[in-house]
Protein chains: 2
Amino acid sequence: MCEAHAYLLRDNTEEKILESVDLVEMDGEDIHMVNIFGEQKTIRGKLTRYNNQEGKIIIEPI
Amino acid sequence: MCEAHAYLLRDNTEEKILESVDLVEMDGEDIHMVNIFGEQKTIRGKLTRYNNQEGKIIIEPI
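Notes on the structure follow. Note that the structure is predicted; figures quoted are calculated from it, not measured.

### Focus on unusual backbone geometry
Moving on, step 1. A positive phi angle is found at Ser20(A), which is not glycine, with a value near 45 degrees.
Moving on, step 2. Locating Ser20(A) in the fold gives a position in strand E2 (residues 13–27).
Moving on, step 3. In this structure, Asp11(B) takes a positive phi of about 50 degrees despite not being glycine.
Moving on, step 4. Here Asp11(B) shows up in the loop between strand E1 (4–10) and strand E2 (13–27).

### Quick look at empty space enclosed by the protein
Moving on, step 1. Inspection of the entire model under this criterion finds one cavity of 30 Å³ or more.
Moving on, step 2. Roughly 40 Å³ of volume is contained in the largest cavity.
Moving on, step 3. Along its surface, the largest cavity is lined by Leu47(A), Tyr50(A), Ile57(A), Val24(B), Leu47(B), Tyr50(B) and Ile57(B).
Moving on, step 4. Those elements giving two or more residues to the lining of the largest cavity turn out to be strand E5 (46–51) of chain A together with strand E5 (46–51) of chain B.
Moving on, step 5. Taken together, the residues of the lining of the largest cavity sort by class into seven nonpolar, no polar and no charged.

### A closer look at the pairing of strand E6 (residues 56–60) of chain B
Residue and element names in this part refer to chain B.
Moving on, step 1. The buried count for E6 comes to four of five residues, which makes it a mostly enclosed element.
Moving on, step 2. Pairing of E1 with E6, which is carried by four bridges, proceeds in the parallel orientation. Counted as the bridge partner of Leu-8 is Ile-59 from E6.
Moving on, step 3. Counting the residues that bridge the hairpin from E5 to E6 gives four residues, and of these Gly-55 lies at a positive phi of roughly 65 degrees.

### Digging into the interface of chain B and chain A
Moving on, step 1. Between chain B and chain A, the residue contacts involve 19 residues of the former and 19 residues of the latter.
Moving on, step 2. Here chain B packs against chain A, burying approximately 1600 Å² in sum over the two surfaces, 47% of which is carbon and sulfur.
Moving on, step 3. If you sort the residues of chain B by the area they bury against chain A, Asp22(B), Tyr50(B) and Asn52(B) come out on top, with a joint share of 35%.
Moving on, step 4. One can count two salt bridges joining chain B with chain A.
Moving on, step 5. Across the salt bridge formed by Arg49(A) and Glu25(B), the nearest N and O atoms sit 2.8 Å from each other.
Moving on, step 6. One can count 10 residue pairs in polar contact (both at pLDDT 80 or more) joining chain B with chain A.
Moving on, step 7. Only E2 and E5 of chain B provide two or more residues apiece to the side of chain B that touches chain A.
Moving on, step 8. Note: E5(A) against E2(B), three bridges, orientation antiparallel. Bridging across to E2(B), Arg49(A) finds its partner in Glu25(B).

### Describing the packing of aromatic side chains
Moving on, step 1. Summed over all chains, the structure comprises one aromatic pair over all chains.
Moving on, step 2. Measuring from centroid to centroid gives 5.1 Å for Tyr50(A) and Tyr50(B), while their planes differ by 50 degrees, and the two rings are tilted. Note that Tyr50(A) is positioned in strand E5 and Tyr50(B) in strand E5, a pairing that runs across two chains.
Moving on, step 3. Overall, Tyr50(A) belongs to the buried group, its relative accessible area being 4%.
Moving on, step 4. Above the face of the Tyr7(A) ring, Lys56(A) is positioned so that its terminal group lies 5.3 Å from the ring centre.

Scoring rules and cut-offs
- Residues numbered from 1 in each chain as written.
- Chains lettered and ligands numbered in written order.
- Predicted model: local features only at pLDDT ≥ 70, side-chain atom pairs only at ≥ 80, totals over all residues.
- Heavy atoms only, no water.
- Helix = DSSP H or I, 4+ residues; strand = E, 2+ residues; numbered from the N terminus.
- 1 Å grid on protein atoms, 1.4 Å probe; cavity = no way out; pocket = protein on both sides within 12 Å on 5 of 7 lines; lining within 4 Å.
- Points joined across faces, edges and corners; volume = space filled by probe spheres on them.
- Nonpolar A, V, L, I, M, F, W, Y, C, P; charged D, E, K, R; others polar.
- Buried < 20%, exposed > 50% of the residue type's maximum accessible area, 1.4 Å probe, protein only.
- Pairing = 2+ DSSP bridges.
- Contact = heavy atoms within 4.5 Å.
- Buried area = accessible area lost by both parts, 1.4 Å probe.
- Salt bridge = Lys/Arg side-chain N within 4 Å of Asp/Glu carboxyl O.
- Polar contact = N/O pair within 3.5 Å; in protein donor to acceptor, adjacent residues only side chain to side chain.
- Phe/Tyr/Trp six-rings, centres within 6.5 Å; stacked < 30°, edge-to-face > 60°.
- Lys NZ or Arg CZ within 6 Å of the ring centre and 35° of its normal.

In structure tokens:
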């Protein structure tokens, strides 16, 4: 199990918004995500950090 | 081993630019990457896609 989780960084706090992300696609300011369970989430923001070791995808609001 | 590799997408061709990426940080239009061997690479571009299953981080030139 080496999937990363997506977090929204707001006010220095990381809020987990999607577990076990399998796919991330940028579409302008939209970030589309799909996880290994088939759950989908689209959020407006900017992907600012990816840390494989910590399993984190960090998104900041625009 | 579940690290993703970074590819630069140019003219519909994916060119591998860094193996086994551990950390990606966006700094404006710069993308800083560090891999598990400690190699670092900074490239100007836009991260457009991340596919965990394929182990791919896709960057497009700006």
